[in-house]
Amino acid sequence: MRTHAQWGRGWKGRGQAEVPPADDAAGWFAGRLPDGWFTGAPDITVDREEILVVGELPALTDEFADDAARAAAESGRISRFREETREQRIEIARQAEHRYQRKVSWGARLGGTEELFTTQSVPVMTRLRQPERLVLDTLVDAGVARSRSDALAWAVRLVGQHAEDWLGELREAMSKVDELRRQGPDLG
């Protein structure tokens, strides 16, 4: 089970309200989700605005003519899961949103197919100097992105793909710092 709950505490930006910790989100969802939905514990990813729950569905047992047919069947099974569990997912999300003060999004994985549904797209404000704006404008002018916002999102995804090991180590280090803060004296 993968969690990134530390992003929900310890940092309070200007104008941002503190959200409750979500360290126990993986455990809460493990106890709250109906048995049989997923083949194992779902991946739970937490940030300041959203909790994303992605689980593995039971494998398909049918034979398929080719990879395209298998991918279509996987997508269809995920779609069926989404429809059949909609009401329960809404209720679970409502409870989690009350508990953690974050939106809950869902996804499912089957074989080589992963689909996310109801995910959040959260605006992020940033100030960029001209050299950074020129990079974004080049991506827009080249047709890689439709807007500066899309170009920035594309660049962040690219960095995330190529720096996942480093980002994982950074998250782990931040988690250790948070633990040390909790163990330290209460100065408040």
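Residues numbered from 1 in each chain as written. Predicted model: local features only at pLDDT ≥ 70, side-chain atom pairs only at ≥ 80, totals over all residues. Heavy atoms only, no water.

> Report on the overall build of the protein, specifying residues and quantitative values.
Scanning the protein for helices and strands turns up five helices and four strands. The order of α-helices and β-strands along the protein, N terminus first, is α-β-β-α-β-β-α-α-α. Projected onto the principal axes, the alpha-carbon positions of the protein cover approximately 55 × 50 × 30 Å. Sorting the 188 residues of the protein into buried and exposed places 29% on the buried side. Sequence-distant contacts in the protein: of pairs separated by 6 or more residues, those separated by 24 or more amount to 59%. Of the roughly 12,800 Å² that the protein leaves accessible, carbon and sulfur atoms contribute 51%. In the protein, 27 positive and 32 negative side-chain charges are present, and the distance between their average locations comes to 7 Å. (Helix = DSSP H or I, 4+ residues; strand = E, 2+ residues; numbered from the N terminus. Buried < 20%, exposed > 50% of the residue type's maximum accessible area, 1.4 Å probe, protein only. Contact = heavy atoms within 4.5 Å. Areas by Shrake-Rupley, 256 points an atom, 1.4 Å probe, with all protein chains shown as cover. Lys, Arg positive; Asp, Glu negative; His and termini not counted. Charge placed at Lys NZ, Arg CZ, Asp CG, Glu CD.)

> Describe the nonpolar core, naming the residues involved and giving the relevant values.
Judged by nonpolar contacts, the single largest core of 25 residues is most densely connected at Phe 29, Leu 33, Ile 44, Ile 51, Val 53, Val 104 and Trp 106. Those residues in contact with Trp 106, other than ones at most four positions away along the chain, are Phe 29, Leu 33, Trp 37, Leu 52, Val 53, Arg 89, Ile 92, Ala 93, Leu 116, Phe 117 and Thr 118. (Core = buried A, V, L, I, M, F, W, Y, C linked by side-chain atoms within 4.5 Å.)

> Break down helix α3 (residues 130-141) for me, citing the residues and quoting the values.
The end-to-end C-alpha distance of α3, which contains twelve residues, comes to 16 Å, matching closely the 16 Å that a straight helix rising 1.5 Å per residue would cover. Of the residues trailing α3, Gly 143 is marked for its positive phi of about 85°. (Expected span 1.5 Å × (residues − 1).)

> Mind laying out the sheet that holds strand β1 (residues 43-46), listing which residues take part and the relevant values?
On the basis of which strands lie adjacent, the open sheet formed by four strands has the order β1-β2-β3-β4 and mixed pairing. The open sheet has two free edges, formed respectively by β1 and β4 (113-117), since each of these has just one partner strand. Averaged over all neighbouring strand pairs, the angle between strand axes comes to 15°, with direction disregarded. Taken together, the seven bridges between strand β2 (residues 50-56) and strand β3 (residues 103-110) define a ladder with parallel strand orientation. (Pairing = 2+ DSSP bridges. Axes fitted to C-alpha atoms, helices over the stretch in contact; angles between N-to-C directions.)

> Could you give an account of the pattern of salt bridges, naming the residues involved and the relevant values?
A pair can form between side chains of opposite charge whenever their charged atoms are brought close. Taken as a whole, this structure holds 14 salt bridges when the rule is applied. Linked through salt bridges whose partners overlap, the residues forming this network are Asp 43, Glu 56, Arg 109 and Glu 114. (Salt bridge = Lys/Arg side-chain N within 4 Å of Asp/Glu carboxyl O.)

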